[in-house]
Amino acid sequence: MKTTKKLLCFIMILALGLSWLTGCSKSELTTIRLNEVVRSIFYTPHYVAINKGFFEEEGIKIELTTGQGADKTMTALLAGECDIGFAGPEACIYVYNQGKEDHAVIFAQLTKCDGSFLVAREPDPNFDWKNTVGKTIIGGRPGGVPQMTLEYVLKKNGLTPGKDVEMITNLQFTATAGAFKGGMGDYVALFEPTASMLEKENAGSIVASIGEDSGLIAYTAYFAKKSYIEKNSDIIQRFTNALYKGQLWVQNNKAEDIAREIKSFFPDADDDILVTVINRYKEIDAWNNTPISIPESFELLQDVMETAGELDKRVDHSVLFDDRFAEEAVKNIK
């Protein structure tokens, strides 16, 4: 009887100890407020890193919000409403050129081309950008990279936006697909999964990849205020480690497995849509293999901004990018 009592006491103490350790472990997670520009399958490695628990492995709990625009994400960062922003580097260029001392610094790059697609009303297997002459395209916000890249592609093909092609740029990001379905425009530039969902509903047909036609562009990246990085270098390193684990996992797994991991972020998208879109992004090589920035992609971004008349002064890559954390992650994580 005494042996049984001792055994029960031991089990109870062990259970309490494990409970205490688990609670302790959870309380030790550092909460990071991350503001993403929009919710898109284009950012798949980012969602994989969250759902696979890679951030938790690094002692981080992600508190995710969606800004609905790079300008809004940057505003949230500068106002102290988030710790890390995830959006286009153009937002960092604008802030730096305004002379802000505690400007945003980019420490990890996720995508290396435009992730949007041109959707027409009917299939066009022999699509050429000159087919848009005299037509109307629903684009994005003026000054935003999606719109600037679209205009860059048009100009690259000898077309002048506003002259050869009418552009609609006064709609909210979330309203463009609905406007197109409602009869506005001949084409619309959309991110995924919206483009493929329209196609599945027979409301449109994808005719071109804007990213494939524009070339290598520093499109979306993670950034924080310079002061935050200086004071929280350990957090930035752990965050970058988790991101790189997500990038590796996406590279080494099939679209069907990746789709299952990100499904919770896109509950309204059918599984086949997720698989199709992931394969599409893999085909155009949209994602960085590592968090390390690609300087030439940043230069093309500034070319695009200059072509659009949105860049007053070019910024040197070394001023806005800090690759120390990405390089360390790549060195230590295999």
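For the structure itself, look to the data block above.
This text gives an overview of the structure that appears in the document. (Residues numbered from 1 in each chain as written. Predicted model: local features only at pLDDT ≥ 70, side-chain atom pairs only at ≥ 80, totals over all residues. Heavy atoms only, no water.)

Once that is clear, we can look at the overall build of the chain. For the chain, the helix and strand inventory stands at 16 helices and ten strands. Contacts in the chain between residues far apart in sequence, at least 24 positions, make up 80% of those at least 6 positions apart. Per element, the accessible surface of the chain, about 15400 Å² overall, is 51% carbon and sulfur. Of the side chains in the chain, 35 bear a positive and 47 a negative charge, and the two mean positions are spaced by 8 Å. (Helix = DSSP H or I, 4+ residues; strand = E, 2+ residues; numbered from the N terminus. Contact = heavy atoms within 4.5 Å. Areas by Shrake-Rupley, 256 points an atom, 1.4 Å probe, with all protein chains shown as cover. Lys, Arg positive; Asp, Glu negative; His and termini not counted. Charge placed at Lys NZ, Arg CZ, Asp CG, Glu CD.)

Let us now look at the pairing of strand S5 (residues 117–120). Because side chains alternate across S5, one face comprises the buried residues Phe117 and Val119, and the other comprises Leu118 and Ala120, equally buried. Two elements, S5 and strand S8 (residues 187–190), share four bridges in a ladder whose sense is antiparallel. Paired with Val119 across the bridge in S8 is Val188. Inspection of the sheet shows S5 paired to strand S9 (residues 205–209) by four bridges, in the antiparallel sense. Looking across to S9, one finds that Leu118 is bridged to Ala208. (Buried < 20%, exposed > 50% of the residue type's maximum accessible area, 1.4 Å probe, protein only. Pairing = 2+ DSSP bridges.)

To continue, consider the layout of surface pockets. Which parts of space are left empty comes out when a probe the size of a water molecule is rolled across the atoms. If you add up the space inside the largest pocket, you get close to 810 Å³. Forming the walls of the largest pocket are 39 residues, and the residues nearest its centre are Val38, Gln68, Phe173, Thr174 and Phe191. Only helix H4 (70–78), helix H6 (145–156), helix H7 (176–181), S8 and helix H8 (194–200) provide two or more residues apiece to the lining of the largest pocket. By residue number, the principal contributor to the lining of the largest pocket is H4, which donates three residues. Its residues placed into classes, the lining of the largest pocket shows 19 nonpolar, 13 polar and seven charged. (1 Å grid on protein atoms, 1.4 Å probe; cavity = no way out; pocket = protein on both sides within 12 Å on 5 of 7 lines; lining within 4 Å. Points joined across faces, edges and corners; volume = space filled by probe spheres on them. Nonpolar A, V, L, I, M, F, W, Y, C, P; charged D, E, K, R; others polar.)

Attention now moves to the packing of aromatic side chains. In this structure the tally under the stated criterion is 19 aromatic pairs. Note on Phe55 and Phe239: the rings are 5.0 Å apart at their centroids and 55 degrees apart in plane angle, and the pair reads as tilted. With Phe55 in helix H3 (residues 54–57) and Phe239 in helix H11 (residues 233–251), this pair connects stretches of sequence that are 184 residues apart. Centroid distance Phe86 to Tyr222: 4.3 Å. Interplanar angle 25 degrees. Geometry classified as stacked. Taken together, the positions of Phe86 in strand S3 (residues 84–87) and Tyr222 in strand S10 (residues 220–225) put the pair 136 residues apart, joining distant regions of the chain. On the basis of relative accessibility, which here comes to 0%, the residue Phe86 falls in the buried class. Residue placement shows Arg121 over the ring face of Phe180; its charged tip is 3.9 Å from the ring centre. Against the face of Phe117 rests Arg280, its NZ or CZ located 5.6 Å from the ring centre. (Phe/Tyr/Trp six-rings, centres within 6.5 Å; stacked < 30°, edge-to-face > 60°. Lys NZ or Arg CZ within 6 Å of the ring centre and 35° of its normal.)

Our next topic: the state of the cysteines. Each disulfide is one covalent bond, formed between the sulfur atoms of two cysteines. Following the criterion strictly, the structure yields zero disulfides and no others. In this structure Cys82 is not part of a disulfide, and its nearest cysteine sulfur, from Cys92, lies 11 Å away. The cysteine Cys113 is free of any disulfide, with Cys92 supplying the nearest cysteine sulfur at 19 Å. (Disulfide = S-S within 2.5 Å.)

Turning next to the packing of helix H2 (residues 44–51) against H11. At a closest axis distance of 8 Å, the pairing of H2 and H11 adopts a crossing angle of 110 degrees. Overall, the two elements H2 and H11 adopt an arrangement that is roughly perpendicular. For the pair H2 and H11, the sense of crossing is right-handed. Every residue of H11 that contacts H2 at Thr44, Pro45, Val48 and Ala49 is listed here: Ala242, Leu243, Gly246, Gln247, Trp249 and Val250. Tallied by class, the residues present in the contact of H2 with H11 amount to seven nonpolar, three polar and no charged. (Axes fitted to C-alpha atoms, helices over the stretch in contact; angles between N-to-C directions. Parallel < 35°, antiparallel > 145°, perpendicular 65-115°, else oblique. Left-handed = near helix turned anticlockwise from the far one by under 90°.)

If you look at the biggest cluster of nonpolar residues, it comprises 92 residues, and the most contacted ones within it are Ile84, Phe107, Tyr222, Phe239 and Tyr281. Residues in contact with Phe107, not counting those within four places in the same chain, are Ile84, Tyr222, Phe223, Ala224, Ile229, Ile236, Phe239, Thr240, Pro291, Asp322, Phe325 and Ala326. (Core = buried A, V, L, I, M, F, W, Y, C linked by side-chain atoms within 4.5 Å.)

Two faces, one strand: in a regular strand the side chains alternate between the faces of the sheet. In the sheet, strand S1 (residues 30–36) pairs with strand S2 (residues 60–66) via seven bridges, with the strands oriented parallel. Paired with Thr30 across the bridge in S2 is Ile60. Looking at chain direction, S1 and S3 are connected through three bridges and run parallel. Bridged to Asn35 within S3 is Gly85.

In short, geometric facts, not functional conclusions.
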